Structures are given as structure tokens and as C-alpha cells.
Amino acid sequence: MTTPPVPPPGCPAHGSGQRISLDTPEFAANPHAYYRYMHQLGPTAPVTIAPGVEATLVTDYNAALELLQDPTTFRKDARRWRALNEGLIRPDSPVLPLLAYRPNCMFTDGAEHVRLRQAITESFARVSNSRLSRIVNQAAQFLINQFSARGSADLLRDYAQQLPLYVFNELFGCPAEIGDRVLFGISGMFDGVNAEQASQVLLQAVGELVALKRVHPGEDITSYLMQHPAQLTDEELAHTLVLLLGAGGEPEGNLIGNAFYTMLTVEEYARNGQFDKALDDTLWRNAPMSNYAPHYPVSDTDVAGDKVRAGELVLVSFGAANTALADQGADTRGHLAWSAGPHACPSKEPARLIALTGLEALFNALPDVELAVPADSLAWRPGPFNRALASLPVRFGAVTPRPAAAPEPTAASPRHQAHPPLAPTPTPTPAEPQATGKPARWSSFVRWLTGQ
């Protein structure tokens, strides 16, 4: 007699037949227990990702790979989303900014997708690995100098979350006054805090960047995108920048943070400096975007035998798909953390280089770094899409900052700045995140780079 699967403690599916909620602290604390439970249900599982937002989550590796490689049956254009078209999704839903249609390669299909994606891949190809490594190392040294003399730090807040934002703003030729709002917008979208408004702030900021680069092009990816034969419109450029800066900020920061977690909890990796292996282990077991890749069936169909309806939101659980194979001892790069098929991450090689360079820079500067708290006491941030630590406190032997360090920035890091108020009041709007009179860290970093 087969024993029926038992949901993890705290799971709302306990005896109720309810959908499994992916946006709860319980799921964030132990997603792997949920994934094991979901695997027993079949290749898919019914989930909610926010209040009133339902989806089918593909958890089986082979089923996920087959879906990702079938753009004929499963489309990316969110204008096909039936629940949204029927008015069932609140316009202020915290997940909407990451799911609603945008004219960029993530939410388009066919020839339009190829055109927009090609502009990205060929623009990134113009940035050499040596140039990218130099930018990462320069940003890493700036950040390390801010805390190296203390002998302690929160590697997530003080380093992992900020490093890719600085790097990408430099790569995209983003001035400080625009970069501050880019950081504010990205943070709000992924945190789900005033997400709709944060999305508007981000879009306005990149729109200004597009307008600036139309007049003053440079040796940066924004200008390369403009010069590409695909001839992106200003609207396409703005939403492509939202995609790239968004993906290059929060998920990349979480990848670096999760990789530090792996390095600090697997003694072999830290002892032998196995950064590549630690990064692959992280992508297998704690992928920064663990449940995403929204798709919409063009007609009623099935996923490995499980029925799905036309226009239904179907997500892929990279976390669940990878976990099943990782538990079997898979040690290749066959994980799905970068997605797969025609919509696989178009900039995964730069993203990998940024993460590896950031890891090496930190461990080279602070070779005795170790966790300051037990690993099992670390908290993971709730969220349906991301796998992200809330903090990563460490300690190490204090090191004198290198002479080139900038003065200590006077503002909190972007994630910890106070969110401007929503209501119409005399206080500044979110489009003015520096209204406190204190410069954001990106402004400080730009001044250091330019010697101002």
C-alpha cells in the first residue's frame, strides 16, 4: 500500500486540498522540503504566488526542459494571461511588475523575440572579459574598503547586493543621479514593497538614460543597443534596460550571496578556493531565481500528462527541477538556473564572470572570513520567485583599507534606504530617492571612480 505524500509543516495543503503558497515565510525557510512534497504530486503542482494569483508550477526536470524548449505551445507574451485579461489580478498585485507584458525579449515570441534578444547578446559581446573583470574588481575593492577595518560585515548588505548594481551601472553608462533611482526601483520591484510605484520609478529613470544616450552616446551597453541593426525604439530600449538592469541587480546579487553561503558552509570549497565548483553547487541547490519563467499555453494542453488551460499562468520551478537531480549526485552544468531553450538567459557568461570575480576578490582580501552565526540560524527572504538570504553576517581579521579607498559613504545601502511615502503628502515622491540630503552609495562610488 502506497503512503500518500505528507505536506511539510506549515503548508496550507495539509489535508485541505488548497494550493501551495510560495510567498510565505514557511516556504522560504525550507523550500526543498516543499519541492520533495511537490515531486510526489506529479510533474506539476498548483500554487499561489501572491494573494489571488494562481499558477501551475512545473517541478519535474524533464517536463520543465521540454516546456522551455517548446515555444510553439508555450508562449511568453503576458497579454495571453487569461486571469489578468478577465480582471482577476489586482492592478497593485506585488508580482505584477515582474509578470506583466513589456516590449523586451523576455515577453515576446517568434521573430520579435529573436530581434530583441540578438540586440542584447551582440551588445554584451562588445564588452571584453578583461574590461568586465576590471570593473568588477574596482567595485569590489571600493566595497571591501568600507568594512575591512571593522573585522565584521553583513556580506549580503555590504557587498553581494551592491556589487552587481555598481558594475551594471558602470557598464550601461548610467550617471549617478539616474543610477540612484535605478537602484531604488529594482529593490522595490523585487521586494514587492510598493512594487508598482517602484516599477514606474525604474522605467522613468531608464527612459532618462535612453534620452541622455541619444544625445551623448558612449562606450557602454546602452549606446551599443541604440547602435544595433535591430533598431530598437525608445520604448523597446527602456524596457530592455529594465530587464537587463533588473536581472543584473537583484538575481545577480542573490547569486553572489548564495554562493558565499555555499563557500562558508562547505569547508572544502573555502579551504581549496573552489569558486567555480561552489558557484555550480549554488546554481543547482539555491538558484537565485528559483520559480519563474512565466509561460502561457496557446491552447488547452498538458505538461507531462498534467492538464493546463489556454492562457493559464505556468511557471517553472528551477529550484524543484534542479533539486531532484542534485540529490542524485549530478555534478555537471546541466542545471536550469539560467533557464533553457530560446529564452535562456542571454547574458549568463557575464553574470557568471561577475559572480566569480566578486567571490575571488572578497576571499583574496579577507582569507579568514567565516560565518559569525550558526548556518541554521540564517533567515531566507520570503518571495515566490527568488531564493535570497535576509542577511549574511561574517567575521574576519581586520584589514587596513587600501589607500585608494573613497571616504565612507554617508547613506545606507540602496536596499536599506527608507522607502519614500506613497500617499500624496508634502514629502518627496519616489522619483526623488535622495531627497534626504544624503548621497546614495552609487553616487559615492561614481565620485570615487572619477576622482571628483
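Note: the structure precedes this text.
Note that this is a predicted model, so its numbers are computed, not measured.

Attention shifts here to the environment of F260. Counting through the fold element by element, F260 comes out in helix α12 (residues 234–265). Classification of F260 by relative accessible area gives buried; the value is 0%. Placed 95 residues apart in sequence, F260 and A355 show a C-alpha to C-alpha distance of 9.9 Å. Excluding residues that lie within four positions of it along the chain, F260 makes contacts with L155, Y159, G358, L359, L362, F363 and L392.

The subject of this paragraph is the pattern of salt bridges. If you walk through the whole model with that rule in mind, you get 18 salt bridges. Salt bridges sharing common partners tie together E112, R115 and E236.

Buried residues of helix α3 (residues 61–68): Y61, A63, A64, L67 and L68, and no others. Within α3, the buried residues cover an arc of 165° as seen down the axis, which keeps them to one side. The exposed residues of α3 that point more than 90 degrees off its buried face are N62 and E66. The backbone nitrogen of N62 lies 3.2 Å from a side-chain oxygen of the residue at the head of α3, namely D60.

In this section: helix α16 (residues 348–365). For α16, with 18 residues, the first-to-last C-alpha span of 26 Å sits near the 26 Å given by 1.5 Å per residue. Of all the positions in α16, only P350, A351, R352, I354, A355, L356, T357, G358, L359, A361, L362 and F363 are classed as buried.

Turning to the nonpolar core, a few remarks are in order. If you look at the biggest cluster of nonpolar residues, it comprises 131 residues, and the most contacted ones within it are M38, I49, Y159 and V167. Contacts of I49, omitting those with residues within four sequence positions, involve L22, D23, V95, L99, L313, L315, P384 and F385.

Cut-offs and rules
- Every chain is numbered independently, its residues counted from 1 as its sequence is written.
- Reporting of local features is limited, given that this is a predicted model, to residues whose pLDDT is at least 70; pairs of side-chain atoms are given and counted only at 80 or more, and all residues count toward the totals for whole chains, interfaces and linings.
- Hydrogen atoms and water are omitted, and side-chain values are computed over all heavy atoms in the structure.
- A run of DSSP states H or I qualifies as a helix once it reaches four residues; a run of E qualifies as a strand once it reaches two. Both are numbered from the N-terminal end.
- Under the scheme applied here, a residue whose accessible area is under 20% of the maximum for its type counts as buried, over 50% as exposed, and between as partly exposed, the area being computed with a 1.4 Å probe on protein chains only.
- By definition in these notes, contact holds between two residues if any of their heavy atoms fall within 4.5 Å.
- Just to be clear on terms, a salt bridge is a Lys or Arg side-chain nitrogen sitting within 4 Å of an Asp or Glu carboxyl oxygen.
- Each C-beta atom gives one direction from the helix axis, and the arc is the one those directions make.
- Pairs of N or O atoms are called polar contacts if they sit within 3.5 Å, as long as, within protein, a hydrogen donor faces a hydrogen acceptor (for residues adjacent in sequence, only side-chain-to-side-chain pairs).
- To estimate the expected span of a helix, count its residues, drop one, and scale the result by 1.5 Å.
- To qualify as a nonpolar core, a set must consist of buried Ala, Val, Leu, Ile, Met, Phe, Trp, Tyr and Cys residues joined through side-chain atoms within 4.5 Å.

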